[in-house]
Amino acid sequence: MDSMKGQGGIQMLLTAEQEAQQIISSAKNLKITRLKKAKEEAEKDVATYRSHLESEYQKSIAETGGASGANVQRLEEETGAKIQNLKESASKVSEDITGMLIKHVTTVKV
């Protein structure tokens, strides 16, 4: 009888071990499924964010692309005005500078 009780106890332990393995296996599968789902959702969020950033970047390029032509024209106008100011300043002082140079060249120091 004792051997029957021992056999029954062993059988109960084996059954309990198999049930525990099934519970662990189903928990692992559930965890893997949840991780895959979380990964898919994260990839979807990343793709959405990336497309949002790309559209903002394209919009920024479009806005500054049109403005760069206006900037070039503005800079050309400013440069032209500065060149004209320099020419006017040079013409005002050129006679004085020419006279000063002639004076220094022709003056003999003894």
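Since the structure is predicted, the reported quantities are computational estimates derived from the model, not experimental observations. (Residues numbered from 1 in each chain as written. Predicted model: local features only at pLDDT ≥ 70, side-chain atom pairs only at ≥ 80, totals over all residues. Heavy atoms only, no water.)

Peer 1: An account of the overall build of the protein is requested, with residue identities and associated values reported.
Peer 2: The secondary structure content of the protein amounts to one helix and zero strands. Taken over C-alpha atoms, the radius of gyration comes to 45 Å for the protein, far larger than the 13 Å a tight globule of 110 residues would show. With the principal axes as the frame, the protein shows a C-alpha extent of 145 × 45 × 10 Å. Out of the 110 residues belonging to the protein, those deemed buried represent 0%. Of the charged side chains in the protein, 16 are positive and 16 negative; the average position of the first set lies 4 Å away from that of the second. (Helix = DSSP H or I, 4+ residues; strand = E, 2+ residues; numbered from the N terminus. Rg over C-alpha atoms; globule rule 2.2 N^0.38 Å. Buried < 20%, exposed > 50% of the residue type's maximum accessible area, 1.4 Å probe, protein only. Lys, Arg positive; Asp, Glu negative; His and termini not counted. Charge placed at Lys NZ, Arg CZ, Asp CG, Glu CD.)

Peer 1: Hey, could you go over a negative patch on the surface for me, with residue numbers and the actual values?
Peer 2: Where like charges cluster on the molecular surface, the negative patch consists of E40, E41, E43 and D45. Relative to the helices and strands, E41 resides in helix 1 (residues 2–106). (Patch = residues over 30% accessible without salt bridge, like charges linked within 9 Å, V, L, I, M, F, W, Y side chains within 5 Å. Areas by Shrake-Rupley, 256 points an atom, 1.4 Å probe, with all protein chains shown as cover. Salt bridge = Lys/Arg side-chain N within 4 Å of Asp/Glu carboxyl O.)

Peer 1: Which residues make up the environment of E56, and what values do they have?
Peer 2: One can find E56 in helix 1. Residue classification places E56 among the partly exposed positions, given a relative accessible area of 42%. For the pair formed by E56 and A27, sequence separation is 29 residues and the distance between their alpha carbons is 43 Å.

Peer 1: Outline a nonpolar patch on the surface, listing residues and values.
Peer 2: A surface patch of nonpolar side chains, about 370 Å² in accessible area, is lined by V93, I97, M100 and L101. Relative to the elements of secondary structure, I97 occurs in helix 1. Residue classification places I97 among the partly exposed positions, given a relative accessible area of 43%.

Peer 1: Summarise the environment of A42; cite the residues concerned and give the values.
Peer 2: If you trace the backbone, A42 turns up in helix 1. Linking A42 and E54, residues 12 residues apart in sequence, is a C-alpha distance of 18 Å.

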